[in-house]
Amino acid sequence: MTFEWSGVMPALTTKFTEKDGLDLDMFRINLKSQMEAGVSGIVLGGTLGEASTLEASEKKVLVETAVEYVNNKIPVIINIAEQSTKGAIEAAENAMEYGASGLMLLPPMRYKADSFETVTYLKAIAQRTNLPIMIYNNPVDYGIDVTPDMFKELLSCENIQAVKESTRDISNITRLRNRFGKRLKILTGVDTLGMESLLMGADGWVAGLVCAFPRETVAIYELVKAGKIENALAIYRWFLPLLELDISPQLVQNIKLAEVATGIGTEKVRAPRLPLRGDERQRVLKIIEEGLKNRPELPQYKVENKTIHNPV
């Protein structure tokens, strides 16, 4: 599939059953909500997808199920976060076999590689696949910063096309755009900088709270791109307390609670993660409850030449 690295691409949670298997029925319910809202792609097996706890066979099922469900309407991106170059190349080759449209690629996990090692690792994977690649740059959480100088080397690989920009440095969007123009597409990966990043010229948003609030997230994107800043800002100000649930070690549990509240997910996580409890659970539930109580009526926004209204 040929596609643009733009728009809203949800980093989807993985749905589990009470017996700790994949809940594909709820997965499809969430996919339906995302597609109806107008997302431009989906990302599977990321941090929100609890990638570190998924078996290779489960990733296969998730990709194949998503590919079948979306039916070539939007791309299916799978995250690659492995311990070794060999394992990452194998995962990339498997992704092609499963029908994925593209890859989100992290630097080496666990080992803190230096710049030369990181570039060598990422290029080695890119050279073994024809799939388009988005580099996930998140030095805050993963300890390795893919700098503009490193991107200069990486862009010698034609299929390295985008970055999920999660440095938390809003100036980095301008820095990358000045350096590489449109050769490197930029998607923000930090929910609490979502609108700010779009205003600074980001092409898209790999979002988290979109898992529970797809229409609101897509509306902000579409309104910003249409120049309707005040309309977008009104939604974003309402959204911010919910978006802050994404910047937490318990982001998976937080967002799954929000998905339960909006009827498109379950709370089940896979150990060692456990459901929230005690005061922290009550704090998160209060934020979600307040958000739902004050949920805005969305203005019209354009998605693929269609006008969509908020049904809630």
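Heads up: the structure comes first, above all this text.
These numbers come from a predicted model, not from an experiment.

A. Region of the structure containing empty space enclosed by the protein. Under the criterion given, the structure shown has one cavity of 30 Å³ or more. Of the residues belonging to the lining of the largest cavity, the class tally is four nonpolar, four polar and three charged.

B. Local environment of the nonpolar core. One finds Leu-44, Phe-151, Leu-209 and Leu-242 to be the most contacted residues of the largest nonpolar core, which totals 100 residues. Considering each element in turn, this core owes the most residues, eight residues, to helix α10 (residues 229–243). Here Leu-242 is in contact with Leu-209, Phe-213, Ile-287, Ile-288 and Gly-291, once residues within four sequence places are set aside.

C. Highlighting the environment of Gln-161. Mapped onto the elements of the fold, Gln-161 is located in strand β6 (residues 160–165). Under the relative-accessibility criterion, Gln-161 is labelled partly exposed at 27%. Along the backbone, Gln-161 and Ile-135 are 26 residues apart, and their C-alpha atoms lie at a distance of 8.2 Å.

D. Quick look at the side chain of Arg-270. Considering the arrangement of structural elements, one finds Arg-270 in the loop between α11 (251–261) and α12 (278–293). For Arg-270, the side chain forms a polar contact with the main-chain oxygen of Asp-20, separated by 2.6 Å. Among the polar contacts listed, one links the side chain of Arg-270 to the side chain of Glu-58, at a separation of 2.8 Å.

E. Molecular detail of helix α3 (residues 85–98). If you check α3, its first and last C-alpha atoms are 20 Å apart, about what 14 residues at 1.5 Å a residue would give, namely 20 Å. Buried within α3 are the following residues: Gly-87, Ala-88, Ile-89, Ala-91, Ala-92, Ala-95 and Tyr-98. Against α2 (56–70), β3 (76–80), β4 (102–105) and α4 (115–126) lie the buried residues of α3. Positive phi appears at Gly-99, one or two residues downstream of α3, with a value of about 105°.

F. Spatial organisation of the sheet that holds β6. With respect to topology, eight strands assemble into an open sheet ordered β1-β8-β7-β6-β5-β4-β3-β2, the strand pairing being parallel. Here the strands that pair on one side only, and so sit at the sheet edges, are β1 (7–10) and β2 (42–44). For this sheet the average axis-to-axis angle between neighbouring strands, irrespective of direction, equals 30°. The pairing of β4 with strand β5 (residues 133–137) spans three bridges and is parallel. Bridge assignment links Met-104 to a residue of β5, and that residue is Met-134.

Calculation criteria
Residues numbered from 1 in each chain as written. Predicted model: local features only at pLDDT ≥ 70, side-chain atom pairs only at ≥ 80, totals over all residues. Heavy atoms only, no water. 1 Å grid on protein atoms, 1.4 Å probe; cavity = no way out; pocket = protein on both sides within 12 Å on 5 of 7 lines; lining within 4 Å. Points joined across faces, edges and corners; volume = space filled by probe spheres on them. Nonpolar A, V, L, I, M, F, W, Y, C, P; charged D, E, K, R; others polar. Core = buried A, V, L, I, M, F, W, Y, C linked by side-chain atoms within 4.5 Å. Buried < 20%, exposed > 50% of the residue type's maximum accessible area, 1.4 Å probe, protein only. Helix = DSSP H or I, 4+ residues; strand = E, 2+ residues; numbered from the N terminus. Contact = heavy atoms within 4.5 Å. Polar contact = N/O pair within 3.5 Å; in protein donor to acceptor, adjacent residues only side chain to side chain. Expected span 1.5 Å × (residues − 1). Pairing = 2+ DSSP bridges. Axes fitted to C-alpha atoms, helices over the stretch in contact; angles between N-to-C directions.

Function cannot be read off these values alone, since they describe shape.
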